[in-house]
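Chains, contacts and geometry: an overview
Here are the chains, one letter per residue:
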Amino acid sequence: MVASTEIRARVDALRTELQRHDYAYYVLNDPAVPDAEYDRLFRELQALESAHPELICPDSPTQRVGGQPSPELAAVQHAVPMLSIRTETDTTDQGAVAFDARVRRALGLDDTAPPVVYAAELKFDGLAISLRYEQGVLVLAATRGDGSTGEDVTRNVRTLRQIPLRLHGAPPPVLEVRGEIFMRRDDFERLNVAQEAAGQKRFVNPRNAAAGSLRQLDPTITARRPLSFFAYGLGEVQGWAVPDTHSGVLDALAAFGLPVCEHRVRAAGPQELACFHADMAALRESLPFDIDGVVYKVDSIARQLELGFVSREPRWAVAHKYPAQEVATRLLGIDVQVGRTGAITPVARLEPVFVGGVTVTNATLHNQGEIDRKDVRIGDWVIVRRAGDVIPEVVGPIVERREGDPARFDLLAAIDHKCPECGSHVVRGEDEAVARCTGGLYCPAQCKQALLHFAGRRAVDIDGLGEQIVNQLVAAGIVKTPADLYDAARVNAETLAGLDRMGEKSAINLVRAIDRSRETTLARFIFALGIRNVGETTAKDLARHFGGLDALLAADEGALLQVPDVGPVVARCIVEFLAEDHNREVIASLKQVMRWPETEAAARPADGRLAGKTFVLTGTLPTLRRDEAAALIEAVGGKVAGSVSKKTDYVVAGADAGSKLDKAQQLGLVILGEEELLELLRQVDTAPLDSQDEFFEEKR
Ligand code: IVH
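The following paragraphs examine the structure supplied in this document.

**Points about helix H14 (residues 467-475)**
For H14, the complete set of buried residues consists of Ile 469, Val 470, Gln 472, Leu 473 and Val 474. For H14, the elements touching its buried residues are helix H13 (444-455), helix H15 (493-497) and helix H16 (504-516).

Structure representation (structure tokens):
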């Protein structure tokens, strides 16, 4: 059936609208319609095209994916060769100065001539592509190849929604756009996760992933790969009055609907180039994609023509590099480090290698999961990445260079499940990535951090006990645990005055501050212990719930779960912390020297309802042990008696409650289950334990 004029008009309208939405979504990053609306329009167009195949044209949005895999990528002769640019390896400002000097000399400019104006842009780390538009329609996409002959990747490039199949406005009869195809870092990470889930191999870096994705024989594979594109120049052009500056060319390309990176400036003279180099270096880490430098181009096209080329490199452009962020080296071994929170971190011992401007000998492997995921093995050649101030990391192995089949690394087995610093147990929760030392306060690796946390303003608040002092106290073996701070034989004005940067006066002040910190609150004390996942608020909840330290120390996971806002993760952290004898010992010593209002809650029940009330516990409660239930009752001012009488106010009965329950029923006493008991305790609105302002702040 031949399509009517209305159908043709509808098809045109749908194409224009879908094109507009693609542009808004993929180029401007500003979606114009919800996905569902887009899908509806797309399906309508597909239906019309399948009913009227004669209407299908190569720039229809439906034609981005389709067709059979090709046996090979056809060779393409470039009308204008795709050249490379000279690289300035001096990564200091001098790189810009040297380039400007060469340009000025070649142009015959003397010192009195005004600064040369440049276009400065990013050097994207992907692969070069040439896009040929004829009458505004994408007809050919080719890789660079050797510069003269590339590969036809048109069907693959069509799948990139960032690349318009038809240019906007009034494009010339022939326009070849040169630019870079790359993969964003977040897309790369996601792709690797998907690759792994599908049992496929991971890509080493975004550049390799982009190259591998583009050079597929089957375009449906490329279509599933998240590729991006930026235009940065021109190839063959016919019938167009090319703008007279490079900046003008990029503006025009953007107006044709092509993605052009926003990070570009016009810069006059070498100082402004160096500024751009520095500005982009500072931005490098936060960019969503990799760059390996910046590119300077003489802005005036007339001057570019004048400057011309030397040995296939334009004299008018230069790539001013940044220090390489990734290099290959040998993984000599895997060491184990204990982090500040007890996290056991595998650290790669590397053959020293220069990367990111420094020599790197160690790099983090994060945790066992990462080692497994990356499948790095001792002896492998690995890619090491160092970005900015970030700790160097092992990106992955170069599997092709692996010799034989070295054993996989098992972190816990390597340390025999014991902390290499203190010998405490190392545990790794089922759903946790990180293995941890349970040594807590006892582990010297965690000791410094623990002391600082303990002394913190929101903890027991020891004014003047900062990092400098703590480091010295620990290094000199004077202090190992927070309890040692209160041991006058260890910490006194004399020992303190002997430390660096400590006068007699500050030593005395610090001794006073330590002394003052003995008076605290239970909540602050609990927080100060530095139990993982027990922040200030949880510490307050715990203090309020248990009322005293002993009740907290007696609590098991079930009892902890009764505390409002305490979930299984927090409960487990507390149980693990308290299960370590070392921690118990430190707490016991601290208990000797510190003071806080004992059974704070019990001392001040708000409405006094439970003050003096007598409870009898009988049978087995579902979660609370009897001592825990008793502690809870006492914490709010109640008393726990052994036998039921007329004076008993409440009987708390669990499973297999015997004669006490019978008697309670005979006497007509109030009988509670565990749930009801806890509800009753919750209703007792205890006065705040902590009269600190911050407490009220938080609850407000
Ligand atoms: S201009 C004649 N501009 O770097 C000059 N190239 O050696 C043609 N590249 O593989 C290149 N970002 O793909 C130019 N902003 C940029 C670039 C850039 C990355 C790549 C290009 C080529 C290499 C040049």
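**Focus: the packing of aromatic side chains**
Counted according to the given criterion, the structure contains 15 aromatic pairs. Relative to Phe 230, the ring of Phe 182 has its centre 5.3 Å away and its plane inclined at 25°; by these criteria the two rings are stacked. A residue pair is termed long-range when its members are at least 10 positions apart, and Phe 182 in strand E7 (residues 174-182) and Phe 230 in strand E8 (residues 228-238) qualify at 48 residues. Among the aromatic residues, those joined into a ring-pair cluster are Phe 124, Phe 182, Phe 230 and Phe 289. Positioned over the ring face of Trp 381 is Arg 401, at 3.9 Å from the centre of the ring.

**As for the site of the ligand**
Near the ligand you find 14 residues, and of these Ile 85, Glu 121, Leu 122, Glu 180 and Tyr 232 are the closest. Separating a nitrogen atom of the ligand from a backbone N or O atom of Phe 124 is a distance of 3.1 Å. A distance of 2.3 Å separates an oxygen atom of the ligand from a polar atom in the side chain of Glu 180. Protein coverage of the free-state accessible area of the ligand, which is 520 Å², stands at 87%. For the shell around the ligand, the secondary-structure elements that each account for two or more residues are strand E3 (117-124) and strand E10 (291-298). Among the elements that take part in the shell around the ligand, E3 stands out by supplying four residues, more than any other. Among the residues making up the shell around the ligand, the classes are represented as eight nonpolar, one polar and five charged.

**Side note on the nonpolar core**
Within the largest apolar cluster, 76 residues are counted, with the highest numbers of intra-cluster contacts made by Ile 462, Leu 465, Tyr 486, Leu 542, Phe 546, Leu 560 and Leu 590. When sequence neighbours within four positions are dropped, the list of residues in contact with Ile 462 reads Ala 455, Gly 456, Leu 485, Tyr 486, Leu 510, Ala 513, Ile 514 and Ser 517. Residues Leu 127, Ala 141, Ile 163 and Val 177 belong to the second largest nonpolar core, which totals 32 residues.

**Concerning the pairing of strand E18 (residues 393-397)**
E18 sits mainly inside the fold: four of its five residues count as buried. Here strand E17 (residues 381-385) pairs with E18 via four bridges, running antiparallel. If you follow Arg 385 over to E18, its bridge partner there is Glu 393.

**A short note on the packing of helix H24 (residues 626-635) against helix H26 (residues 674-683)**
It is at 10 Å that the axes of H24 and H26 come closest, and there the two elements cross at 25°. On the basis of their axis angle, the class for H24 and H26 is roughly parallel. Between H24 and H26 lies a crossing whose hand is left-handed. Side by side, H24 and H26 meet where Ala 629, Leu 632 and Ile 633 of the first sit next to Leu 677, Leu 678 and Leu 681 of the second. Taken together, the residues of the contact of H24 with H26 break down into six nonpolar, no polar and no charged.

**With respect to the side chain of Arg 436**
Topologically, Arg 436 is positioned in strand E20 (residues 435-437). If near-sequence neighbours (up to four positions away) are discounted, Arg 436 is found in contact with Thr 341, Gly 342, Ala 343, Ile 344, His 425, Val 426, Val 427 and Arg 532.

**Some words on the pairing of E10**
The buried fraction of E10 amounts to eight of the eight residues, a majority that puts the element mostly inside the structure. Of the pairings in the sheet, the one linking E3 to E10 comprises seven bridges and is antiparallel in character. When the bridges of E10 are listed, Tyr 118 appears paired with Val 298.

**Digging into the pattern of salt bridges**
Within the structure shown, the criterion is met by 43 salt bridges. With a closest N to O distance of 3.3 Å, Arg 490 and Asp 487 form a salt bridge. For Arg 490, a relative accessible area of 29% gives the class partly exposed. Of the charged contacts in the structure, one is a salt bridge between Asp 541 and Arg 544, with a shortest N-O distance of 3.8 Å. In this pair, Asp 541 and Arg 544 are both assigned in helix H18 (residues 536-546), three residues apart and thus about one turn of the helix distant. Connected via shared salt-bridge partners are Asp 375, Arg 377, Asp 380, Arg 402, Asp 405 and Arg 408.

**Overview of the sheet that holds E3**
Read across the open sheet, the five strands follow the order E2-E13-E10-E3-E9; overall the sheet is mixed. Two strands in the sheet have a free side with no partner beyond their single neighbour: strand E2 (87-88) and strand E9 (265-268). Pairing between E10 and strand E13 (residues 317-321): five bridges, direction antiparallel. Bridging from a neighbouring strand, Lys 297 pairs with Ala 317 of E13. Across the sheet, helix H3 (residues 94-107) touches E2, E3, E10 and E13, and the angle it forms with E13 is around 170°.

The rules behind these values
- Residues numbered from 1 in each chain as written.
- Predicted model: local features only at pLDDT ≥ 70, side-chain atom pairs only at ≥ 80, totals over all residues.
- Heavy atoms only, no water.
- Buried < 20%, exposed > 50% of the residue type's maximum accessible area, 1.4 Å probe, protein only.
- Helix = DSSP H or I, 4+ residues; strand = E, 2+ residues; numbered from the N terminus.
- Contact = heavy atoms within 4.5 Å.
- Phe/Tyr/Trp six-rings, centres within 6.5 Å; stacked < 30°, edge-to-face > 60°.
- Lys NZ or Arg CZ within 6 Å of the ring centre and 35° of its normal.
- Near = heavy atom within 4 Å.
- Polar contact = N/O pair within 3.5 Å; in protein donor to acceptor, adjacent residues only side chain to side chain.
- Areas by Shrake-Rupley, 256 points an atom, 1.4 Å probe, with all protein chains shown as cover.
- Nonpolar A, V, L, I, M, F, W, Y, C, P; charged D, E, K, R; others polar.
- Core = buried A, V, L, I, M, F, W, Y, C linked by side-chain atoms within 4.5 Å.
- Pairing = 2+ DSSP bridges.
- Axes fitted to C-alpha atoms, helices over the stretch in contact; angles between N-to-C directions.
- Parallel < 35°, antiparallel > 145°, perpendicular 65-115°, else oblique.
- Left-handed = near helix turned anticlockwise from the far one by under 90°.
- Salt bridge = Lys/Arg side-chain N within 4 Å of Asp/Glu carboxyl O.

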